[in-house]
Amino acid sequence: MNDVLWEDVSDPTDWTGDWSALRPLDESLRCGLCYDIFRAPVALRECSHLFCSSCIRIHINQAGGNGSFCPQCRQKKAYDSELIAQPALEATAEHWRKARTFLMAQSKHLKELETSIADVTIPQLLAPEKAKRPAEESPSGRQLRPRKRVAGTPDMDEETDLDYRHLKEDTIVACPICQRTFDALALNAHLDRGCGADTPEASTSRPSQQNWLATPHSIPTKRLTRPQYQLKSERDLRKMLEACKLPTTGPKERLVERHRQWVNMYNANLDAAPALRESLPALRKQLQKWESAQNNAAASKGVSTEKQARAWLKSNQTQYADLAAQARASLQRAHTKKSDTTAPPTPPSSDRV
């Protein structure tokens, strides 16, 4: 199970051999907190260090102000107002994310080809070519010229069980030219556009800045402000969550965590290019997944909430009081014993002279 999960995790060390030249590029486009390719990157104004907007906002907005510093240089000027969006870097990261998938597939394909070529023996290389296929005849009896095979397509001499003339629209088939898989309906469109037009190399048109900044759907652009949670009552917090169309269940600590995470996600979404921003329903689903992950982590580790900790302290308050009384009595006895040993000796009486 873990091996399956790790297959989806990308890392700069994936580039090996001749492809290792891409490793520095891959490393330079990754966040220092999540170690993934940048998503909506921002820079701290003071030190210019780069992070994903969501990652750095979660870090600097920890409860109690424990994360109000740069994770790389530890400088203390790290606030929401100090974050600067980096749209050019975001465009580069998005293009690299797509190109990386394509290049990684190509590197694996080349390795498979090298392995298959290494397994071919000399007698197989010297084997005579297959005899040419006889000329085909049409149903009317006329002799047809043999069909030429396009470079890169599978040999028609090989027996195949798939008949491309009788396919359903949802049947998954491979393109006879580039071997990429499509359903039958998408395959027709792929061939009509010209095989290879969907690959990164075939796209020669550069997206304009206007297209990159186009907004696919209307999203409010006003950022949310984080209130002083210690001054808010549970009733106020529930009203704030209800205004954002978020769940209002749970104790006060959970309400605060939910609203803090929502503000981080909402503002981080605004740091992304308009074409890459998530809709509000999508953000609410992400918040629900985050809260579910928090609950599972707390249940697996047995982590108690602040309210549970206070209840436990209250139930054991008598034991703490007894221990404190014993410690004070022990300290008093030690102090008394020390004062007795350091007292000056009593002078002899004058009656004995």
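Just so you know, the residues in each chain are numbered from 1, in the order the chain's sequence is written. Local features in this predicted model are restricted to residues of pLDDT 70 or higher, and side-chain atom pairs are both shown and tallied only at a pLDDT of 80 or more, whereas totals for entire chains, interfaces and linings draw on every residue. The basis for every side-chain value is the complete set of non-hydrogen atoms in the structure, without hydrogens or water.

Let me state the cut-off plainly: UniProt positions are given in the numbering used here, feature names are shortened, and annotations may be inferred rather than shown by experiment.
Named according to an unreviewed UniProt entry, the protein chain is Postreplication repair E3 ubiquitin-protein ligase RAD18 originating from Malassezia pachydermatis. Per UniProt, the comment on the protein chain under Pathway (unreviewed entry) is "Protein modification; protein ubiquitination." You can read under Subcellular location (unreviewed entry) in the UniProt record for the protein chain the words "Nucleus".

### Description of the sheet that holds strand β3 (residues 83-85)
To keep it simple, the criterion reads: Any two strands with at least two DSSP-identified bridges between them are counted as paired. Secondary structure follows DSSP: runs of H or I at least 4 residues long count as helices, runs of E at least 2 residues long count as strands, and numbering of each begins at the N terminus. To obtain an axis, a line is fitted to C-alpha atoms, over the contacting stretch when the element is a helix, and the angle between two such axes runs from 0 to 180 degrees between their N-to-C directions.
One open sheet accounts for three strands, arranged β2-β1-β3; its pairing is antiparallel. Looking at strand neighbours, the two that pair on one side only are β2 (50-52) and β3, the edges of this open sheet. Taken pair by pair, the neighbouring strands of this sheet meet at an average axis angle of 40°, ignoring direction. As judged from the three bridges shared by strand β1 (residues 41-44) and β2, these two strands associate in the antiparallel manner.

### A word on helix α8 (residues 234-243)
Rules: Working definition: with a 1.4 Å probe on protein chains only, accessible area under 20% of the residue-type maximum means buried, over 50% means exposed, and in between means partly exposed. Our arc is simply the arc of the directions from the helix axis toward the C-beta atoms. We call two residues in contact when some of their heavy atoms are within 4.5 Å.
Within the span of α8, buried status applies to Leu237, Met240 and Leu241. End-on, the buried residues of α8 take up no more than an arc of 95°, which puts them together on one face. Of the residues in α8, the exposed ones pointing more than 90 degrees away from the buried face are Arg235, Glu242 and Ala243. On the buried face of α8, the contacting elements are α9 (252-271). Just past α8, the residue Lys245 takes up positive phi, approximately 60°.

### Description of the packing of α8 against α9
Two measures define how a pair of helices packs: the angle their axes make with one another and the distance between the axes. This is how it is decided: Left-handed describes a crossing whose near helix is turned anticlockwise from the far helix by less than a right angle; the clockwise case is right-handed. Side-chain classes follow a simple rule in which Ala, Val, Leu, Ile, Met, Phe, Trp, Tyr, Cys and Pro form the nonpolar group, Asp, Glu, Lys and Arg form the charged group, and the remainder, Gly included, forms the polar group.
Packing of α8 against α9 brings their axes to within 10 Å, and their N-to-C directions diverge by 35°. As α8 packs across α9, the resulting crossing turns out to be left-handed. The residues of α9 that touch α8, namely those facing Glu234, Leu237, Arg238, Met240 and Leu241, are Lys252, Leu255, Val256, Arg258 and His259. Of the residues belonging to the contact of α8 with α9, the class tally is five nonpolar, one polar and four charged.

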